[in-house]
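# What the coordinates show
Read off the chains here:
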Amino acid sequence: MSIEEIYQRFKNSNKVCTDTRNIEQYDLFFALKGDNFNGNKFAEQAIKDGANYAIIDEAEFNSSPQCILVDNVLETLQKLANHHRKTFDIPVMGLTGSNGKTTNKELLKAALSSKYRVHATLGNLNNHIGVPLTLLAMPSDTEMAIIEMGANHQKEIAELCEIAEPSHGYITNIGKAHLEGFGGLDGVKKGKGELYDFLKASSGYTFINENNEILVSMALEKELMQTIYYGKTHHNLELIHDSPAISWKDLSTGNTHESVLSGNYNFENIQAAYAIARFFNVPAQEASEGLSNYNPDNNRSQIILKGGNEIYLDAYNANPSSMEAAIRNFSNLETPKGKVVFLGDMFELGEFSEEEHQNLGKLVKEGGFETVVLFGEEMKHALKHLPAAYYFTDKFSVHNWTLDKKFVDKAILIKGSRGVKLETLLSFIGVD
C-alpha cells in the first residue's frame, strides 16, 4: 500500500498511537519494534480496542482486513509524517542544541502564541520516533510549528531534518552533551551542524546568537546565506538582572518585564524567542508578555518554595555544559539563604566520564557552597576535589539523610541526568 493510500486512512482516523494502553476509538496503530518489545504482537488487540487500522511489518500477524502490512513500520511512520508535513505551507522551526532545547521551544511557543496558532513538540518527543509523532499530531489549522530535534550521534539531525523539512531553524548552543555517541566536542559540532547544512541546502532561514562564538564560526564556515543574528547588536532587550529572577527592559516599548527563570543562559534563551517572534511580526509588548508569563513545570528551571526553602529544580537532564551553567548561576545567586547543592550523575559521557565528573567537583568547590550532596556511581570522581561532600549511591540512603537534615530557609539546587530522577528529593525537603 502506498503512503498516499495510508495517508487517506490516517486522515480518517482519530490519531496515531504506538501503545495499545493508550488506544482510543478510530486510532491508527503503528506496531513499532524495539530491543525488548514487538508491537506486531499487539496489532490484533489494538483493533479489538477500537483502532481503525494497525500498521504491521510481520506477515504472521496479518490477521485482519484492518491490518496493513508494510516493509518497515518505523520507516512508514516517518514517511507518513513527512507526507503530512508537506501538506502545510507554513513556517516550520527546527530547533536543536546541546542544552536548553525544551526550554527554548516552550519560550518560543509562549512568544508566538499571541499571534499564531502554534504546534510544538510535546514534552521531549524529539527523536526518530518523537519527531514523526509530533508532525502527525499537527492540526490542519496550524500556522506555525516548532519541532525540537534531539540527537546523541552524527547523522541523526540530518535524518530528522529530512522528515520535518524545517524552513527555519536555530541551534541553542554547542556543549559537552552525549560525548560518548558523538565522539567528543568536535563530533557534537558536526552533528548539531547538520541543521545548518539542511537549511543552507534548502534555502531556509537560520537564527544565530551573536554572543556564541562557536555558532557564529560554524555559520561562517558553512557560508550560510539567509541568516538572522540576535543577542549583541541586533537585539531589543536589555538585561536588568538575572538573579534571583531575570528582569529585562524591552527597548522597543520601554517597558520592563520579569521571568521566573534565572541565569544569563536563560536570558539568552529569552532573547532568542523574542528575536524570532519579532521576525514573525509579533508586537514587542505581546512577545515580552508571553515570555514573562512562561512558567516551567517539567523539572526544568523550576523554582519551588517549600519549608522556607527556595528549591531550584533542574533535574530533567545534565551534561558538563548544562551543569557548569547551572552551578555558576547558582553560585552567583543573590540570596541571604545558605546554599545547598544536590548533584546526580551525568550520563552518556563514555571515556570522558571520569574527567568530566572530576572537573565538576573542581567547579563546585570554587562555588563555596554550604552543603554539597553527590549521588550516583560516577559522582565518586567528583570527590577528588570535594572530600567534605556527602556521597550516596542508593536512593533510600539519600532520601533518609535529606529527611533527617530538615532543611529550612535554604537555597537548594537539584540537578542530575534524567535517569537519576533527583526530583524524588522534593518529598523529603522541608518536611518536619
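In what follows, the structure referred to is the one given above.
Procedures and definitions
Within every chain, residues take consecutive numbers counted from 1 along the sequence as written. In keeping with the predicted nature of the model, local features appear solely for residues at pLDDT of at least 70, side-chain atom pairs appear and are counted solely at 80 or more, and the whole-chain, interface and lining totals rest on all residues. Values shown for side chains rest on all heavy atoms present in the structure; no hydrogens or waters enter the calculation. Helix numbering and strand numbering both begin at the N terminus, where a helix is a DSSP run of H or I of at least 4 residues and a strand a DSSP run of E of at least 2. This radius of gyration counts C-alpha atoms alone. The globule rule is 2.2 Å times how many residues there are, raised to the power 0.38. Under the scheme applied here, a residue whose accessible area is under 20% of the maximum for its type counts as buried, over 50% as exposed, and between as partly exposed, the area being computed with a 1.4 Å probe on protein chains only. Note on contacts: a residue pair is in contact if any heavy atoms of the two residues lie within 4.5 Å. The method behind every accessible area is Shrake-Rupley, applied with a 1.4 Å probe, and residues are considered shielded solely by the protein chains displayed. Counting rule applied: Lys, Arg positive; Asp, Glu negative; His and chain ends not counted. In plain terms, the charge of a residue is placed at NZ if it is Lys, CZ if Arg, CG if Asp and CD if Glu. Salt bridges are defined as contacts in which a side-chain nitrogen from Lys or Arg sits within 4 Å of a carboxyl oxygen from Asp or Glu. Any N or O atom pair separated by 3.5 Å or less is treated as a polar contact, with the protein-specific requirement of one donor-capable and one acceptor-capable atom, and with residues adjacent in sequence counted only for side-chain atom pairs. Ring pairs are drawn from Phe, Tyr and Trp, using the six-membered ring of Trp, whenever the two centres fall within 6.5 Å, and their geometry is named by plane angle: stacked under 30 degrees, edge-to-face over 60, tilted for the rest. Pairing between strands requires that DSSP locate at least two bridges from one strand to the other. Here the axes come from fitting lines to C-alpha atoms, over the contacting stretch only for helices, and the angles between their N-to-C directions go from 0 to 180 degrees. Method remark: on a 1 Å grid restricted to protein atoms, a set of points is classed as a cavity if a 1.4 Å probe fits but cannot get out and as a pocket if it is open with protein on both sides within 12 Å along at least five of seven lines; lining residues have an atom within 4 Å of a point. Grid points are joined across faces, edges and corners, and a volume is the space filled by probe spheres set on the points. Each residue gets one label: Ala, Val, Leu, Ile, Met, Phe, Trp, Tyr, Cys and Pro are nonpolar, Asp, Glu, Lys and Arg are charged, and the others, such as Gly, are polar. The path from the first strand over the helix to the second decides the hand: if it runs clockwise while the strands point away from the viewer, the crossover is right-handed. Left-handed describes a crossing whose near helix is turned anticlockwise from the far helix through less than a right angle; right-handed describes the clockwise counterpart.

## Some thoughts on the overall build of the protein chain
- Secondary structure assignment for the protein chain yields 15 helices and 19 strands.
- Scaling as 2.2 N^0.38, a compact globule of 432 residues should have a C-alpha radius of gyration of about 22 Å, and the protein chain matches this with 23 Å.
- For the protein chain, the residues scored as buried account for 54% of the 432 residues in total.
- Taking contacts inside the protein chain between residues at least 6 apart in sequence as the whole, the part at least 24 apart equals 63%.
- Per element, the accessible surface of the protein chain, about 19,000 Å² overall, is 46% carbon and sulfur.
- The averaged location of the 57 negative side-chain charges in the protein chain is 2 Å from the averaged location of its 41 positive side-chain charges.

## Re the pattern of salt bridges
- Applying the stated criterion to the full structure yields 17 salt bridges.
- One salt bridge in this structure joins Asp19 and Arg21, with 2.7 Å as the shortest N-O distance.
- The exposed category is assigned to Arg21, whose relative accessible area is 74%.
- A salt bridge links Asp197 to Lys222; the nearest nitrogen and oxygen atoms lie 2.8 Å apart. Note that Asp197 is positioned in helix α9 (residues 194–201) and Lys222 in the loop between α10 (213–221) and β10 (227–230), a separation of 25 residues in sequence.
- Its relative accessible area of 36% is what places Asp197 among the partly exposed residues.
- In this structure, a network of salt bridges that share partners links the residues Lys15, Glu24 and Asp27.

## Things to note about the side chain of Ser259
- Mapped onto the fold, Ser259 is located in the loop between β13 (256–258) and α11 (264–279).
- From its side chain, Ser259 meets the backbone nitrogen of Leu261 in a polar contact 2.9 Å long.
- The residues touching Ser259, leaving out its near neighbours within four places in the chain, are Ala245, Ile246, Trp248, Ile270 and Ser292.

## A short note on the packing of aromatic side chains
- In this structure the tally under the stated criterion is eleven aromatic pairs.
- Centroid distance Tyr312 to Phe330: 5.9 Å. Interplanar angle 65 degrees. Geometry classified as edge-to-face. Note that Tyr312 is positioned in strand β15 (residues 309–314) and Phe330 in helix α13 (residues 320–331), a separation of 18 residues in sequence. Here Tyr312 matches Phe330 in class, with each residue buried.
- With centroids separated by 4.6 Å and ring planes inclined at 45 degrees, the aromatic side chains of Tyr390 and Trp401 adopt a geometry described as tilted.

## Some details on the sheet that holds β15
- As summarised here, the arrangement of the six strands in space is β14-β15-β19-β16-β17-β18, forming an open sheet in which the pairing is mixed. Each end of this open sheet is capped by a strand with a single partner; those strands are β14 (302–306) and β18 (390–392). Strand-to-strand twist of the sheet, defined as the mean angle between neighbouring strand axes without regard to direction, takes the value 15 degrees.
- Bridge count between β15 and strand β19 (residues 410–415): five bridges; the pairing is parallel.

## Some remarks on the layout of surface pockets
- What the second largest pocket holds in volume is close to 340 Å³.
- The wall of the second largest pocket is formed by 18 residues, among which Lys15, Val16, Leu133, Leu136 and Ala137 lie closest to the centre.
- With three residues, the single largest contributor to the lining of the second largest pocket is helix α5 (residues 130–136).
- Residue composition of the lining of the second largest pocket, by class: nine nonpolar, six polar and three charged.

## Quick notes on the pairing of strand β17 (residues 371–375)
- Most of β17 sits out of view: five of its five residues are buried.
- Alternating residues of β17 divide into Thr371, Val373 and Phe375 and Val372 and Leu374, and every residue in both groups is buried.
- By the bridge criterion, five bridges tie strand β16 (residues 338–344) to β17 in an arrangement that is parallel. Note on β17: the bridge partner recorded for Gly344 is Phe375.
- Considered for its hand, the β-α-β crossover made up of β16, helix α14 (residues 353–367) and β17 is right-handed.

## Some words on the packing of helix α6 (residues 156–164) against α9
- Running from N to C, α6 and α9 cross one another at 40 degrees; their axes reach a closest spacing of 8 Å. By crossing handedness, the relation of α6 to α9 is classed as right-handed. In this structure, α6 uses Glu156, Ile157, Ala158, Cys161 and Glu162 to contact α9, whose residues at the interface are Glu194, Leu195 and Phe198.
- The residue inventory of the contact of α6 with α9, partitioned by class, reads five nonpolar, no polar and three charged.

## Brief notes about unusual backbone geometry
- Omega for the peptide link from Ser243 to Pro244 comes to 0 degrees, which places this bond in the cis form.
- Topologically, Pro244 is positioned in the loop between β11 (237–241) and β12 (247–250).
- Of note, the phi angle at Lys155 is positive, near 80 degrees, even though the residue is not glycine.
- Mapping Lys155 onto the fold places it in the loop between β7 (144–148) and α6.
- Judged by relative accessible area, which is 61%, Lys155 ranks as exposed.
- Phi is positive for Glu348, which is not a glycine, with a value near 60 degrees.
- Given a relative accessible area of 37%, Glu348 falls into the partly exposed group.

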